[in-house]
Amino acid sequence: GTNFYEELGRMGQRYGERVMNSLEETFHMNEALNETNHGIERSASFHVLDFYTPKSTRRVLEYMAIDYVMFNLPIPEWAEEILAKDDTIGYL
């Protein structure tokens, strides 16, 4: 979503200090936030629609499904938007 780092922070708070420390070490959340809550690296969420197709989005969600289930994460809006464009089959 558009609040990636905020969502990471909530996940870290939910699952405790070890997870929070790991997220900070991996994503450098405290230094990566700017006023729009996008990482300073690329604001990738703005570009995802340019690179993913319905087929590739389904594959990514299949691969990451265990994380969505284990962490009770919602399907990202960008993925729903891409999958809604696929008129060949239903999704999820």
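Parameters at a glance
Residues numbered from 1 in each chain as written. Predicted model: local features only at pLDDT ≥ 70, side-chain atom pairs only at ≥ 80, totals over all residues. Heavy atoms only, no water. Helix = DSSP H or I, 4+ residues; strand = E, 2+ residues; numbered from the N terminus. Patch = residues over 30% accessible without salt bridge, like charges linked within 9 Å, V, L, I, M, F, W, Y side chains within 5 Å. Areas by Shrake-Rupley, 256 points an atom, 1.4 Å probe, with all protein chains shown as cover. Salt bridge = Lys/Arg side-chain N within 4 Å of Asp/Glu carboxyl O. Lys, Arg positive; Asp, Glu negative; His and termini not counted. Charge placed at Lys NZ, Arg CZ, Asp CG, Glu CD. Buried < 20%, exposed > 50% of the residue type's maximum accessible area, 1.4 Å probe, protein only. Expected span 1.5 Å × (residues − 1). Arc of directions from axis to C-beta. Phe/Tyr/Trp six-rings, centres within 6.5 Å; stacked < 30°, edge-to-face > 60°. Axes fitted to C-alpha atoms, helices over the stretch in contact; angles between N-to-C directions. Parallel < 35°, antiparallel > 145°, perpendicular 65-115°, else oblique. Left-handed = near helix turned anticlockwise from the far one by under 90°. Contact = heavy atoms within 4.5 Å. Nonpolar A, V, L, I, M, F, W, Y, C, P; charged D, E, K, R; others polar.

Undergrad: Can you lay out unusual backbone geometry for me, pointing to particular residues and giving the numbers?
TA: Leaving glycine out, the prevailing phi sign among residues is negative, and the prevailing peptide bond configuration is trans. Although it is not a glycine, N72 adopts a positive phi angle of roughly 55°. By secondary structure assignment, the location of N72 is in the loop between α5 (54–70) and α6 (77–84).

Undergrad: Can you lay out a negative patch on the surface for me, pointing to particular residues and giving the numbers?
TA: Where like charges cluster on the molecular surface, the negative patch consists of E7, E77, E80 and E81. Counting residues per element, the negative patch draws most heavily on α6, at three residues. Note on placement: E81 falls in helix α6. Note on E81: relative accessible area 40%, which makes it partly exposed.

Undergrad: If you had to explain helix α1 (residues 4–15) to someone new, which residues and values would you point to?
TA: Note: α-helices contain 3.6 residues per turn, so residues at a spacing of three or four share the same orientation. Between the first and last C-alpha of α1 there are 17 Å, a value that for twelve residues agrees with the 16 Å anticipated at 1.5 Å per step. Within α1, the full set of buried residues consists of Y5, L8, G9, M11 and G12. Summarising the axial view, the buried residues of α1 lie within an arc of 160°, below the 170-degree limit, and thus occupy one face. Across from the buried face of α1, at angles greater than 90 degrees, the exposed residues are Q13 and R14. Just beyond α1, the residue with positive phi is G16, at close to 100°.

Undergrad: Describe the packing of aromatic side chains, with residues and values.
TA: Applying the stated rule across the entire model yields two aromatic pairs. Their ring planes at 75° and their centres at 5.3 Å tell us that Y15 and F71 sit as a pair that is edge-to-face. In this pair, Y15 sits in helix α1 while F71 sits in the loop between α5 and α6, placing the two residues 56 residues apart along the sequence. Judged by its relative accessible area of 28%, F71 falls in the partly exposed class. Measuring from ring centre to ring centre gives 5.2 Å for Y52 and W78, while their planes differ by 45°; the resulting arrangement is tilted.

Undergrad: Could you give an account of the environment of E7, naming the residues involved and the relevant values?
TA: Its location among the elements puts E7 in helix α1. A sequence separation of 66 residues divides E7 from L73, and the C-alpha atoms of the two residues are 9.5 Å apart.

Undergrad: Outline the packing of α5 against α6, listing residues and values.
TA: Relative to each other, α5 and α6 sit at 135°, their axes nearing to 8 Å. Taken together, α5 and α6 sit at an angle that is classed as oblique. Crossing of α5 over α6 shows left-handed handedness. Contacts from P54, T57, R58 and L61 in α5 reach W78, A79, I82 and L83 in α6. Across the contact of α5 with α6, the residue classes break down as six nonpolar, one polar and one charged.

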